[in-house]
Amino acid sequence: MGKKKYRIFVLVLFCLLILFQAAGADYRKERKRLVEIHIIREGIEDPLVIESMLTVPREEFVPDSLKKKAYLNQALPVGYGQTISQPYIVALMTELLGVDGDDTVLEIGTGSGYQAAVLAQIVKEVYTIEIIKPLGIKAEKRLKRLGYSNISSKIGDGYFGWEAYAPFDAIIVTAAADHIPPPLIKQLKKGGKMCIPVGQPYFTQVLKLLEKDEQGKIRIYDIIPVIFVPFTRKIQ
Ligand code: SAH
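About the cut-offs
- Residues numbered from 1 in each chain as written.
- Predicted model: local features only at pLDDT ≥ 70, side-chain atom pairs only at ≥ 80, totals over all residues.
- Heavy atoms only, no water.
- Near = heavy atom within 4 Å.
- Polar contact = N/O pair within 3.5 Å; in protein donor to acceptor, adjacent residues only side chain to side chain.
- Areas by Shrake-Rupley, 256 points an atom, 1.4 Å probe, with all protein chains shown as cover.
- Helix = DSSP H or I, 4+ residues; strand = E, 2+ residues; numbered from the N terminus.
- Expected span 1.5 Å × (residues − 1).
- Buried < 20%, exposed > 50% of the residue type's maximum accessible area, 1.4 Å probe, protein only.
- Arc of directions from axis to C-beta.
- Pairing = 2+ DSSP bridges.
- Axes fitted to C-alpha atoms, helices over the stretch in contact; angles between N-to-C directions.
- Contact = heavy atoms within 4.5 Å.

**Student:** Quick question: what am I supposed to make of the site of the ligand here?
**Tutor:** The environment of the ligand is made up of 27 residues, and the closest members are Ser112, Glu130, Asp157, Gly158 and Thr232. At 2.6 Å from an oxygen atom of the ligand is found a side-chain nitrogen or oxygen belonging to Ser112. In this structure, a nitrogen atom belonging to the ligand sits 2.8 Å away from a main-chain N or O atom of Gly158. Here the ligand, which alone exposes 580 Å², has 99% of that area covered by the protein. Elements supplying a minimum of two residues to the shell around the ligand: strand E2 (82-84), strand E3 (104-108), helix H4 (114-120) and strand E4 (125-130). Broken down by element, the residue count for the shell around the ligand peaks at three residues, all from E2.

Listed below in structure tokens is the structure:
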């Protein structure tokens, strides 16, 4: 390469770098605004959850054509008829689990991998299961690329949990089931919490918090109405 061409090459590279940095800074600004207005002002208090929501780059988990909408407080399509959940709901469910750095969490419904990433910033290990193979593979690659080394994922029907790593300190289900799967209750540690939307698909469901006390007694609380994509049983 001639000297002149080399100079132009370096200049172009430099401009690109500046452009990427500017875009990153913009997303950081948008993320901060979202967290202030739709997370903190709406009542989320756990500092670990707030910090995680300020850190995870949601724009990396949505299709390129929707990056502009990454910091709206909205669920967005991620392909195969599935969605990345609304940021406020991600924060609420994470807060309800009451987890910290010692905990191991099971997620059913990897989807884009965003909820798994939000959890991975807070806890020791995240195990996540997705029933739609191409979606699960894409999320796994994305999480690896973004450097999340404490997330393990697999393709399968999450109804049966992940026996090999059970019991879990917390379980989060991000698809709406018509009942709470008994294998998941079994795989929850004593003193653990599970968050799951329960109700009929395509209608409003109820976000439930299940607590298993130290004696193994179960209590279930209704939190708020939500709308999630359906919990299915067929591996695709
Ligand atoms: N947590 C995701 C949102 C997921 S949407 C995110 O942060 O992006 C719900 C996901 O649950 C969908 O990808 C759907 O395919 C998956 N799903 C539905 N039924 C399932 C099952 N039985 N086991 C595992 N995943 C399931």
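Back to the text.
**Student:** Looking at this model, I keep getting lost on helix H5 (residues 133-145). Mind explaining?
**Tutor:** Because an α-helix packs 3.6 residues into every turn, residues spaced three or four apart end up facing the same way. Its 13 residues place the ends of H5 18 Å apart at the C-alpha level, agreeing with the 18 Å of an ideal helix rising 1.5 Å per residue. Restricting attention to buried positions, one finds in H5 the residues Leu135, Gly136, Ala139, Arg142 and Leu143. Looking straight down H5, one finds its buried side chains confined to an arc of 130°; they lie on one side. Facing away from the buried side of H5, by more than 90 degrees, are the exposed residues Lys141, Lys144 and Arg145. Backbone geometry just after H5 places Gly147 at a positive phi near 90°.

**Student:** Even after reading the chapter, I still don't get the environment of Ala166, so can you show me in this structure?
**Tutor:** With respect to the helices, strands and loops of the structure, Ala166 is situated in the loop between strand E5 (151-155) and strand E6 (168-173). Along the backbone, Ala166 and Val105 are 61 residues apart, and their C-alpha atoms lie at a distance of 9.4 Å.

**Student:** When you look at the sheet that holds strand E8 (residues 205-212) in this model, what are you seeing that I'm missing?
**Tutor:** Strand pairing in a sheet relies on backbone hydrogen bonds. The paired strands run either parallel or antiparallel. If you trace the seven strands from one edge of the open sheet to the other, you get E5-E4-E3-E6-E7-E8-E9, paired in mixed fashion. Of all the strands in the sheet, the pair left with one neighbour each is E5 and strand E9 (218-226). Averaged over all adjacent pairs, the angle separating strand axes in this sheet is 15°, with direction ignored. With five bridges connecting them, E4 and E5 associate as parallel partners. By the bridge assignment, Val126 is partnered in E5 with Ile151. Most of the contacts of helix H3 (residues 87-97) go to strand E7 (residues 188-198), to which it runs at about 155°, and overall it touches E3, E6, E7, E8 and E9. Each of E4 and E5 is contacted by H5, which is oriented at about 165° to E5, the strand it contacts most.

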